[in-house]
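# Report on the structure
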Amino acid sequence: RVSQGSTIEESTLLIGRDGGAQASVPLGGGNVVSLQPIEIVVDEVGTAEAIELRLVGVVVDWHSLGTFETSADKGTSFLTAVVDVTLGDQSRTATDTFELVLPNGETVTPDRAPNEVLNAGVPAEGLEVAFIIPDPIVGEYRLRLLNLSRFPEDALAEVTFTVGE
């Protein structure tokens with residue numbers, strides 16, 4: 001779409017739905033906004049007592065292929081953490097066990113998490129926990145495994161990772 005009175009060189013090609021994340025290509029040159037997934041290889045371990053949380057990968061994407069294929073709303077992204085969890089003391093359900101602390105200090109709960117029991121002493125590998133995060137995505141994040149039994153405000157284990165620069 002070229003606005004009236006504009007030239008092709010002043011125009012930008014937008015790809016994506018109006019209310020969603022959009023790629024942009026300035027036709028006259030400039031910064032291209034790509035919606036390519038950002039993959040981050042990490043191997044960070046957080047432990048507390050007999051519990052281990054290992055973060056093995058992070059993907060930031062603007063398109064989710066979960067149960068319902070969807071695109072991120074404008075100004076948001078999907079962040080999916082791949083984790084291995086070993087609980088040494090008690091079993092718990094994975095669904096409400098995680099939270100993500102954003103670079104601005106805000107905390108978000110998962111949009112999608114495994115709905116399975118994490119058994120004490122049995123490693124659960126390759127669990128995918130997905131969050132909807134606001135743009136900008138650059139900064140330091142903290143993924144927490146929560147203590148949902150006696151002290152719900154306490155994180156049992158935490159790992160830190162950085163997205164972007």
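Each chain carries its own residue numbering, running from 1 in the direction its sequence is written. In keeping with the model being predicted, local features are shown solely for residues with a pLDDT of at least 70 and side-chain atom pairs are shown and tallied solely at 80 or more, while totals for entire chains, interfaces and linings include all residues. No hydrogens and no water enter the side-chain calculation; it runs on all heavy atoms of the structure.

Before going further, it helps to spend a moment on the pattern of salt bridges. Salt-bridge detection follows one rule: a side-chain nitrogen of Lys or Arg within 4 Å of a carboxyl oxygen of Asp or Glu. What the rule picks out here adds up to four salt bridges. A salt bridge links Glu-158 to Arg-142; the shortest N-O distance between them is 3.9 Å. Here Glu-158 is found in strand S14 (residues 155–163), whereas its partner Arg-142 is found in strand S13 (residues 139–146), with 16 residues between them in sequence. A 1.4 Å probe rolled over the protein chains alone gives each residue an accessible area, and that area as a share of the maximum for its type sets the label: buried under 20%, exposed over 50%, partly exposed in between. On the basis of relative accessibility, which here comes to 31%, the residue Glu-158 falls in the partly exposed class. A salt bridge links Arg-144 to Glu-158, with the nearest nitrogen and oxygen atoms 2.7 Å apart. A residue pair is termed long-range when its members are at least 10 positions apart, and Arg-144 in strand S13 and Glu-158 in strand S14 qualify at 14 residues. Within the structure, one salt-bridge network assembled from shared partners comprises Glu-99, Arg-142, Arg-144 and Glu-158. Helix numbering and strand numbering both begin at the N terminus, where a helix is a DSSP run of H or I of at least 4 residues and a strand a DSSP run of E of at least 2.

The next subject is the environment of Arg-54. With respect to the secondary-structure elements, Arg-54 resides in strand S4 (residues 51–61). Through-space distance from the C-alpha of Arg-54 to that of Asp-84 is 5.0 Å; in sequence the pair is 30 residues apart. Any two residues whose heavy atoms approach within 4.5 Å at even a single point are treated as in contact. The contact partners of Arg-54, leaving out residues within four places of it in the chain, are Asp-43, Glu-44, Val-45, Val-82, Val-83 and Asp-84. Among the polar contacts made by the side chain of Arg-54, one reaches the side chain of Asp-43 at a distance of 2.6 Å. In protein, a polar contact requires one atom able to donate a hydrogen and another able to accept it; more generally it is a pair of N or O atoms within 3.5 Å, and residues adjacent in sequence count only if both atoms are side-chain atoms.

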